[in-house]
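Residue-level structural notes
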Amino acid sequence: KVLSVCSFHHSPIFGGMSRIGQGMYNTFAGAMEDCLICIMSRQEMAQLLVDKPQIALRTLEVMGRRLQNAETQLEEVAFKKVPERLALLLLRLAGISSNAEEEEDGADRIEAEAGEGGGTRISSGLTHQDLAEMVATHRETVSFTLNDFKARGLVELAPKCITILNVDGLRALC
């Protein structure tokens, strides 16, 4: 079983914990599409942070947000059932807040756009297995839950594409 703790979409920094001396031995990164990766040694990173305090501040902001997201994910896995976690994930991927009064910052947003019929289409390229890893469950459970969401008129499903038809219905599950 795999747990995806973070997805990067146009993020300039990852792997920073090992660059500042923290071991991350049980984690790995995988690219879902072609990308360019630049590598810095611990010494180069330390010098960059000393020379450019604005980069040090931005790095702290990014790591702080990732820590907050990891804590939120841990809380969700511990206290929420799969349909709640999957509804939250779909809303996050679409850049929609799970609370109607809050504004979503879009940090985890994937390519989301207006779909036919007024829904929000998430063209993420994510498979059911990818979604399962993001909500800490099995692929079969995600497939079953997505089909339930479809039967309830909450989403429309297509290969590697999900259209949210009823935002308020998904929010109600959270």
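All residue numbers here refer to positions counted from 1 along the written sequence of the relevant chain. Where totals are concerned, whole chains, interfaces and linings use all residues; where local detail is concerned, this predicted model gives features only for residues with pLDDT of at least 70, and gives and counts side-chain atom pairs only at 80 or more. With hydrogens and water set aside, each side-chain value is computed from the structure's full complement of heavy atoms.

Details of the packing of helix α4 (residues 82-93) against helix α6 (residues 139-151)
Basically, it comes down to this: Axes here refer to lines fitted to C-alpha atoms; in helices the fit is confined to the stretch in contact. Angles between the N-to-C directions go from 0 to 180 degrees. Strands here mean DSSP runs of E at least two residues long; helices mean DSSP runs of H or I at least four residues long; both are numbered from the N terminus. Each angle is binned into one of four classes, with values under 35 degrees roughly parallel, values over 145 roughly antiparallel, values of 65 to 115 roughly perpendicular, and all other values oblique. Contact between two residues is taken to exist if any of their heavy atoms lie within 4.5 Å; hydrogens are not considered. Note on residue classes: Ala, Val, Leu, Ile, Met, Phe, Trp, Tyr, Cys and Pro are nonpolar, Asp, Glu, Lys and Arg are charged, and everything else, Gly too, is polar.
Running from amino to carboxyl end, α4 crosses α6 at an angle of 75°, the nearest separation of the two axes being 10 Å. In terms of axis orientation, α4 runs roughly perpendicular to α6. Residues V82, P83, L86, A87 and L90 of α4 lie in contact with α6, whose contacting residues are T141, V142, T145, L146 and F149. Its residues assigned to classes, the contact of α4 with α6 shows eight nonpolar, two polar and no charged.

Quick notes on the side chain of T163
How we decide: A simple rule labels every residue: compare its accessible area, found with a 1.4 Å probe on the protein chains alone, to the largest value its type can have, and call it buried under 20%, exposed over 50%, or partly exposed in between.
Mapped onto the fold, T163 is located in strand β4 (residues 161-164). Judged by relative accessible area, T163 falls into the buried class, the value being 7%. Excluding residues that lie within four positions of it along the chain, T163 makes contacts with G119, T120, R121, L154, V155 and E156.

Topic: the environment of I162
Tracing the backbone shows I162 in strand β4. When its relative accessible area of 10% is taken as the criterion, I162 is described as buried. Between the alpha carbons of I162 and A94 there is a distance of 9.7 Å; along the sequence they are 68 residues apart. Those residues in contact with I162 that sit more than four places away from it in its chain are L90, T120, R121, I122, L131, L146, V155, E156 and L157.

Some thoughts on the pattern of salt bridges
Going by this rule: Salt bridges are defined as contacts in which a side-chain nitrogen from Lys or Arg sits within 4 Å of a carboxyl oxygen from Asp or Glu.
Inspection of the entire model under this criterion finds four salt bridges. Between R139 and E140 there is a salt bridge, with the nearest N and O atoms lying 3.2 Å from each other. A residue is classified by how much of its surface remains accessible, and R139, at 35% relative accessible area, is partly exposed. E140 gets classed as partly exposed once you look at its relative accessible area, which sits at 48%. For R171, the salt bridge identified is with D168, shortest N-O distance 3.5 Å. Taken together, the residues span about one helical turn, with R171 and D168 both in helix α7 (residues 167-173) at a distance of three residues. Its relative accessible area of 54% is what places D168 among the exposed residues.

As for the packing of helix α2 (residues 42-51) against helix α3 (residues 53-79)
Relative orientation and spacing of two packed helices are given, respectively, by the angle between their axes and the distance between those axes. In contact at an axis separation of 5 Å, α2 and α3 are set at 110° when each is read in the N-to-C sense. It follows that α2 is roughly perpendicular to α3 by the angle criterion. Judged by residue contacts, M45, L48, L49, V50 and D51 of α2 engage P53, I55, A56 and T59 from α3. In the contact of α2 with α3, the residues fall into seven nonpolar, one polar and one charged.

Digging into the pairing of strand β3 (residues 155-158)
Threshold: Here the rule is simple: two strands pair whenever DSSP picks up at least two bridges between them.
Where β3 and β4 come together, four bridges link them in antiparallel fashion. Across the sheet, residue E156 finds its bridge partner in β4, namely T163. What sits between the antiparallel neighbours β3 and β4 is a turn of two residues, in which K160 has the positive phi angle 55°.

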